[in-house]
Amino acid sequence: MITTSYNSSFPNQVVPDEEKQSLEYGVKVGRAIEYEWFKSNRAGGDRFITNYQNYHRLKLYARGEQSIQKYKDELAINGDLSYLNLDWKPVPILSKFVDIVVNGMSQRSYEIKAFAQDPESLKKRTNYAERIMRDMVAKEFLEKMEGTLGVNMYSTDKEKLPKDLNELSLKMQLEFKEAVEVAEEQAIDTVLDSNKYDEIRKRVIYDLVTLGIGATKTCFNNSNGITVDYVDPASLVYSYTEDTNFEDIYYAGEVKTISIAELKKQFPYLTPEQLEEINKYGTSTNYLRGYNGNDGNDDQVNVLYFEYKTYSDQVFKIKKTDQGLEKALEKPDTFNPPKNDNFERVSRSIEVLYSGAKILGQEFMLRWELAENMTRPFADTTKVKMNYSICAPRMYKGRIDSLVNRITGFADMIQLTHLKMQQVLSRMVPDGVYLDMDGLAEVDLGNGTNYNPAEALNMYFQTGSIVGRSLTQDGDLNRGKVPIQELQTSNGQAKLSALISTYQYYLQMIRDVTGLNEARDGAMPDKNALVGLQKIAAANSNTATRHILQAQAFITLSTCENIALRISDALAFPLTAQSLKQSISNYNVGTLEELADLQLHDFGIFLELEPDEEQRAQLEGNIQTALSAGSIGLEDAIDIRNIKNIKTANELLKVKQRQKAERDQQAQQANIAAQAQANAQLAQQTALAETQKQQVLTEQKIQLEQAKMQFDVQKLQQEANIKKQLMTEEFNYNMQLAQAQSMSQINKENNKEDRKDGRAKIVASQQSELISQRQNNTPPKNFESSGFDVLGGFGLEQFEPK
């Protein structure tokens, strides 16, 4: 017998499975749960109604619809409100803060990540990593082999080969994804979408903010497949726990108010007599009458749906065959063979769930059976997961605290301050005037007009002027010389200012207690504060409510784990399997082949939340710094922004920076090599050009020399021709001269006789000439041309024989 802290007794669990499966055992379990939640007289009321009223009150505060009776009791005098004409409608101040938190967290998107952790998947992942490691270690050898043989010896893409283990780890996270993991993720997303989990998630976040607890339920049936339902914490029952994630509870359930027709639909085996009995006695003991909308409707009953965790012994009889083999036969847990028998008993204890449904207030059990399709982790098949995913992040000793519960007192003070402000405004009167009748009696306007009080007030209100006398008609000092004086009634303004300050004080107290500062809601941003300081303040506010975000993330993750474990159940039935495959085929037809082996794999489910504003700002700052420094490119920045995991994104940023630096270094080395090659080519071209230039110059010089030589030859030839002509002319002249001399000699011989006397004279003359020449030492007279047969200093004497 198990006795709880609420004085309820559960049946003994150390009984055979046959007894646990009996309806009587289920009745005892249902009776114990009912007694623990509905009949334990603790603190003046039962536990369920206390929780229900508390949650109802918090929801009304969150909506700005809390009861106004406390405010009336505060302001009434002996219960009399006849003198108060106030607007009692509550100020919905808490609604804004609740909406800020709920809407802000609802916008945080997430991705479901499935990690296959069964031996076969781990082997594939390990083999892939080992292939990359081999290529990394043998890179130099493979490069030489490729250079020698001209064949790519890499087993992976060498262009994307990691440089070190950090890059390898990042590559495995970002690039390696098994098809079965993709199929699992799409299957989970399909189930969540079909059940409209986004709307359920918003309601869960609202419950976490308002009530401090949120819950969902995952079920499976052959007609609807896998279903995810929202669970109202006000109708939730569970065993006592101090675990914020409720992982150690041994029973959980919820109370639903349904009609007799719905009851017949859910439990079609009920007979008309049983329905009549339920309708007769079930509604008369309605625990929730007046609380959940059931105001005594005789056509509705309260049904407690629950699941109970216990254990079961799996017993096997080990029998040895004649061939020496062992054969295992499953037996009931009461099997106990005698000691002298050849059989051996082997057993293990596993957790099991029993599903039950009970009419509250009656001993009538609608259902008690061993739960079908229990979700068991592949890592430990002896464990069983409950269908409920519950989380209360701020729970101590079973007491749950919430964001709204912390500030209801301040909301009450704000409402009272608001009502007091209405009182002050209603009692404030305009400024009046004091009229001295005796002062008016001493005044004579002098125009026959009677200066009565009405005339004086008209003159004062219309012109602002008054008429008075310093002396009376008797000549005495007139104490009423100013007959009209304004009365100041400004005390109401001071009260109103004090109330406004009080209102702002309690509003600031709400911000201080919740951490939802002005930067979070943008109500009164400081005009002198920098944008960076405003973002820091908003980030600090997000930190104050991070436990709520983590709680809803745990509920979502737990729900996804239950879905992942139930997918194998859905694939075991043709209708649900076909429906699931058709849904997934809308995303990726290739994953259909992997669904056939999906139940053979064990998955770890992870929730990857979208980074918040602070994390995105830090990442974007790092990206902008890297972009401005030129350490990454624009395409790298786009890839980094697409990663939702901040840690992975920063690691990728570092890898991209290192790769960009290596590419820049390689480009720089290539530029240097290209520049050196260009310089070498330029030097070679320059040398070639110089050689060609020198060759051209040499050729030009040779041509010039040849031209000069040719010119000289032509000149010599011309001079030779000219000299030849001159020599010919000279020869002709000499011949003529010789002929003349010969003729002269002949004539002289002929005339010798005739001119003996003359000859003697000539001889004498010649002798005297010879004598004269000898005496004067002059050469004999030469008749050859002198200086006329030479051109340019080039004479024919060089051709004379030597």
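Treat the numbers as computed from the prediction; the structure is a model and nothing was measured. Residue positions within a chain follow its written sequence, with the count starting from 1. Per-residue local features are limited, in this predicted model, to residues with pLDDT of at least 70; the limit for side-chain atom pairs, both in listing and counting, is 80 or more; totals at the level of whole chains, interfaces and linings are taken over all residues. With hydrogens and water set aside, each side-chain value is computed from the structure's full complement of heavy atoms.

Engineer: Before we go on, may I ask you to explain the overall build of the protein chain in this structure?
Structural biologist: Of regular secondary structure, the protein chain possesses 25 helices and 17 strands. The burial tally for the protein chain puts 37% of its 802 residues in the buried class. Taking the intrachain contacts of the protein chain between residues at least 6 apart in sequence as the baseline, contacts between residues at least 24 apart amount to 72%. Areas reported here follow the Shrake-Rupley algorithm with a probe of radius 1.4 Å; residue values treat only the protein chains shown as occluding. Accessible surface for the protein chain amounts to roughly 47,800 Å². Of this, 51% is attributable to carbon and sulfur atoms. Runs of E in the DSSP output that reach at least two residues are strands. Runs of H or I that reach at least four are helices, and both are numbered from the N terminus. Exposure is judged per residue with a 1.4 Å probe applied to protein chains only, and the accessible area is read against the type maximum: over 50% gives exposed, under 20% gives buried, and values in between give partly exposed. Two residues qualify as a contact provided that any one of their heavy atoms is within 4.5 Å of a heavy atom in the partner residue.

Engineer: Teacher, can you tell me more about the pairing of strand 8 (residues 300-320) here?
Structural biologist: In summary, the side chains of a regular strand alternate between the two faces of the sheet. Note on pairing: DSSP must find at least two bridges between two strands before they are called paired. As defined by bridge partners, strand 7 (residues 251-259) adjoins strand 8 across nine bridges and the pair is classed as antiparallel. In the sheet register, Thr257 faces strand 8, and the bridge partner there is Asn302. Pairing analysis gives 16 bridges linking strand 8 to strand 10 (residues 344-359), with the strands arranged antiparallel. Bridge pairing links Glu307 to Ser355 in strand 10.

Engineer: Looking at this model, I keep getting lost on the sheet that holds strand 12 (residues 388-391). Mind explaining?
Structural biologist: In a beta sheet, neighbouring strands are held together by backbone hydrogen bonds and run either parallel or antiparallel to one another. Pairing in this open sheet of three strands is antiparallel, and the strands run 5-4-12 from one edge to the other. Where the open sheet ends on each side, the last strands, each with one partner, are strand 5 (225-230) and strand 12. Strand-to-strand twist of the sheet, defined as the mean angle between neighbouring strand axes without regard to direction, takes the value 15°. Of the pairings in the sheet, the one linking strand 4 (residues 214-221) to strand 5 comprises six bridges and is antiparallel in character. Residue pairing for strand 5: Cys219 is matched across the bridge by Thr227. Orientation is described by lines fitted to C-alpha atoms, with helices fitted over the stretch in contact, and by angles between N-to-C directions that extend from 0 to 180 degrees.

Engineer: Would you take a moment to explain the side chain of Thr210 for this structure?
Structural biologist: Along the chain, Thr210 falls in helix 10 (residues 197-210). Excluding its chain neighbours within four sequence positions, the residues that come into contact with Thr210 are Leu58, Lys59, Ala62, Val98, Ser402 and Val404.

Engineer: Is there a simple way to explain the nonpolar core in this structure?
Structural biologist: Nine residue types can take part in a nonpolar core, namely buried Ala, Val, Leu, Ile, Met, Phe, Trp, Tyr and Cys, and a core is a set of them joined through side-chain atoms within 4.5 Å. Counting residues in hydrophobic clusters, the biggest one holds 98 residues, and the most contacted among them are Ile33, Ile93 and Ile213. Within the second largest apolar cluster, 14 residues are counted, among which are Val303, Ile359, Phe364 and Leu366.

Engineer: Would you explain the pattern of salt bridges in this entry?
Structural biologist: Close approach of charged atoms allows side chains with opposite charge to pair. Think of a salt bridge as a Lys or Arg side-chain nitrogen and an Asp or Glu carboxyl oxygen that are within 4 Å of each other. Using the criterion set out here, one finds 15 salt bridges in the structure. Lys202 is paired through a salt bridge with Glu199; the nearest N and O atoms lie 3.9 Å apart. Of this pair, Lys202 and Glu199 both sit in helix 10, separated by three residues, roughly a single helical turn. Note that Glu561 and Lys385 form a salt bridge whose closest N and O atoms lie 3.7 Å from each other. Here Lys385 lies in the loop between strand 11 (365-370) and strand 12 and Glu561 lies in helix 19 (residues 546-572), a separation of 176 residues in the sequence. Given the relative accessible area of 29%, Glu561 is considered partly exposed. Here the residues in one salt-bridge network are Lys309, Glu351 and Lys383, joined through shared partners.

Engineer: Can you help me understand the packing of helix 3 (residues 47-63) against helix 13 (residues 403-427) in this one?
Structural biologist: In a pair of packed helices, the angle between the axes and the distance between the axes together describe the arrangement. One way to put it is that helix 3 packs onto helix 13 with a least axis distance of 10 Å and a crossing angle of 60°. Here helix 3 lies oblique to helix 13, going by the angle between them. For the pair helix 3 and helix 13, the crossing hand works out as left-handed. For the pair helix 3 and helix 13, the contacting residues are Arg57, Leu58, Tyr61 and Ala62 in the first and Val404, Asn405, Thr408, Ala411 and Asp412 in the second. Looking at side-chain class alone, the contact of helix 3 with helix 13 contains five nonpolar, two polar and two charged residues. What sets the label is the angle itself: under 35 degrees gives roughly parallel, over 145 gives roughly antiparallel, 65 to 115 gives roughly perpendicular, and the rest give oblique. Crossings are assigned a handedness: left-handed for a near helix turned anticlockwise from the far helix by less than a right angle, right-handed for a clockwise turn. Polar here means any residue other than Ala, Val, Leu, Ile, Met, Phe, Trp, Tyr, Cys and Pro, which are nonpolar, and Asp, Glu, Lys and Arg, which are charged; Gly is therefore polar.

Engineer: Quick question: what am I supposed to make of the pairing of strand 10 here?
Structural biologist: Sheet topology places strand 10 next to strand 11; five bridges connect them, and they run antiparallel. Along strand 11, the bridge assignment pairs Ser355 with Glu369.

Engineer: What should I look at first to understand the packing of helix 3 against helix 10 in this one?
Structural biologist: Helix 10 packs onto helix 3 with a crossing angle of 100° between their chain directions and a minimal axis gap of 10 Å. Classified by the angle between their axes, helix 3 and helix 10 sit roughly perpendicular to one another. In this structure, helix 3 contributes Leu58, Lys59, Ala62 and Arg63 to the contact, and helix 10 contributes Tyr206, Asp207 and Thr210. Per-class residue counts for the contact of helix 3 with helix 10 are three nonpolar, one polar and three charged.

Engineer: Before we go on, may I ask you to explain the environment of Ala553 in this structure?
Structural biologist: You can see Ala553 is positioned in helix 19. Given a relative accessible area of 14%, Ala553 falls into the buried group. Through-space distance from the C-alpha of Ala553 to that of Cys391 is 9.8 Å; in sequence the pair is 162 residues apart.

Engineer: Explain a nonpolar patch on the surface to me, please; I cannot follow it from the model alone.
Structural biologist: Residues Met133, Val137 and Leu165 make up a contiguous nonpolar surface patch of roughly 300 Å² in combined accessible area. Secondary-structure assignment places Met133 in helix 6 (residues 119-137). Using a relative accessible area of 32% as the deciding quantity, one classes Met133 as partly exposed. Patch definition: residues above 30% relative accessible area lacking any salt bridge, with like charges linked at up to 9 Å and the nonpolar side chains Val, Leu, Ile, Met, Phe, Trp and Tyr linked at up to 5 Å.

Engineer: Can you walk me through the confidence of the model for the protein chain in this structure?
Structural biologist: One rule of thumb: low pLDDT means the predicted coordinates there are not for detailed reading. A residue's pLDDT is the predictor's confidence in that residue, given on a scale from 0 to 100. Summary statistics for the protein chain give a mean pLDDT of 77 and a share of 77% for residues scoring 70 or more. Across residues 1-6, confidence stays below pLDDT 50; counting only partners more than four residues off in sequence or on other chains, it has 21 contacts.

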